[in-house]
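Listed below, chain by chain, are the residues.
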Amino acid sequence: MNPSKAKGTAWETATTHYLNERLGHYKPGWKSLPAAQRFVDFLSPLNIKRQAQTGAKDVGDLWAWPFVIECKDVKTPAIPAWLRQAKAETENAGFPYGVVVHKTRSANAGRGAVHFDVRTWTRVRGRLGLSAREFWYLHGFTCTARGLDTSTWRFTTDLEQFALILRNVRNATR
């Protein structure tokens, strides 16, 4: 495996483990268990799972229903392009929402940056019944909006806050 692919795979794995642990999908002491025994319910569709690459109709790196997650571990960010990629992969997978998780250097997985495009951010906060101010305040978002092209605007939080958003969206969907 080439070094870049190995870094990407390691970041996908770290993100998967972080979210499964934060959401209570793993058993206590899961790190010492074989992979097939780590989950509280191995067959639960709510478990965060890495996806196999499928070529032209890629379905994202991780499935965290109702989100497709595209993971990136690179020094030079290309966030608008990544968000377009996440949108296409979300459509391919048939999921409602797509986000990008970018590794933050020299930090634990919980500090990874989670990027939402404007449309996804608006739809998620609408699903939760929160005003923009409430959503912003509760989940520590920052906004990057340069120029008039809204396709490059984005909202960013960290993986720790995203775990809470994921839990709340799942509860609002039931």
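Read on for an overview of the structure. (Residues numbered from 1 in each chain as written. Predicted model: local features only at pLDDT ≥ 70, side-chain atom pairs only at ≥ 80, totals over all residues. Heavy atoms only, no water.)

**Here's the deal with the overall build of the chain**
Consideration 1: Counting its regular elements, the chain contains five helices and seven strands.
Consideration 2: What you see in the chain, going N to C, is helices and strands ordered as α-β-β-β-α-β-β-α-α-β-β-α.
Consideration 3: Relative to its length of 174 residues, the chain is compact, with a C-alpha radius of gyration of 16 Å against a globular reference of 16 Å.
Consideration 4: Along the three orthogonal principal directions, the C-alpha set of the chain runs to about 50 × 40 × 35 Å.
Consideration 5: Taking the contacts inside the chain whose residues are at least 6 apart along the sequence as the reference set, 57% of them involve residues at least 24 apart.
Consideration 6: Averaged over its 26 positive side-chain charges, the chain has a centre that lies 2 Å from the centre of its 14 negative ones. (Helix = DSSP H or I, 4+ residues; strand = E, 2+ residues; numbered from the N terminus. Rg over C-alpha atoms; globule rule 2.2 N^0.38 Å. Contact = heavy atoms within 4.5 Å. Lys, Arg positive; Asp, Glu negative; His and termini not counted. Charge placed at Lys NZ, Arg CZ, Asp CG, Glu CD.)

**As for the layout of surface pockets**
Consideration 1: As a volume, the largest pocket reaches approximately 380 Å³.
Consideration 2: Looking at the largest pocket, it is lined by 17 residues, and the ones nearest its centre are Gly8, Thr9, Glu12, Gln53 and Cys71.
Consideration 3: Roughly 330 Å³ of internal volume is contained in the second largest pocket.
Consideration 4: In terms of lining, the second largest pocket is formed by 17 residues, of which the most central are Leu83, Lys87, Asp117, Arg119 and Thr120.
Consideration 5: Ranked by the residues each element gives to the lining of the second largest pocket, the list is headed by helix H2 (residues 79–93), at six residues.
Consideration 6: Of the residues that constitute the lining of the second largest pocket, the class distribution is six nonpolar, five polar and six charged. (1 Å grid on protein atoms, 1.4 Å probe; cavity = no way out; pocket = protein on both sides within 12 Å on 5 of 7 lines; lining within 4 Å. Points joined across faces, edges and corners; volume = space filled by probe spheres on them. Nonpolar A, V, L, I, M, F, W, Y, C, P; charged D, E, K, R; others polar.)

**Overview of the sheet that holds strand E7 (residues 154–158)**
Consideration 1: Taking strand neighbours across the sheet as the criterion, the seven strands line up as E1-E2-E3-E4-E5-E7-E6 in an open arrangement whose pairing is mixed. This sheet does not close on itself; its edge strands, each paired only once, are strand E1 (49–50) and strand E6 (142–144).
Consideration 2: Summarising the sheet, strand E4 (residues 97–102) and strand E5 (residues 113–117) pair through three bridges and their orientation is antiparallel. The residue bridging histidine 102 from the neighbouring strand is alanine 113, located in E5.
Consideration 3: Packing of helix H3 (residues 118–128) onto the sheet brings it into contact with strand E3 (67–72), E4, E5 and E7, and relative to E5 it is tilted by some 95 degrees. (Pairing = 2+ DSSP bridges. Axes fitted to C-alpha atoms, helices over the stretch in contact; angles between N-to-C directions.)

**With respect to H3**
Consideration 1: When H3 is considered as a whole, its buried residues turn out to be Thr120, Trp121, Val124, Arg125 and Leu128. Seen end-on, H3 carries its buried residues on one side only, within an arc spanning 125 degrees.
Consideration 2: The inward-facing, buried residues of H3 abut E3, E4, E5, helix H4 (132–139), E7 and helix H5 (159–173).
Consideration 3: The N-capping residue of H3, defined by a side-chain oxygen 3.3 Å from the backbone nitrogen of arginine 119, is aspartate 117.
Consideration 4: Where H3 terminates, the next one or two residues include glycine 129, which has phi positive at roughly 70 degrees. (Buried < 20%, exposed > 50% of the residue type's maximum accessible area, 1.4 Å probe, protein only. Arc of directions from axis to C-beta. Polar contact = N/O pair within 3.5 Å; in protein donor to acceptor, adjacent residues only side chain to side chain.)

**A look at the pairing of E5**
Consideration 1: When you tally the buried positions in E5, you get five out of five residues, the bulk of the element.
Consideration 2: Side chains of E5 alternate between two faces, with Ala113, His115 and Asp117 and Val114 and Phe116 buried alike.

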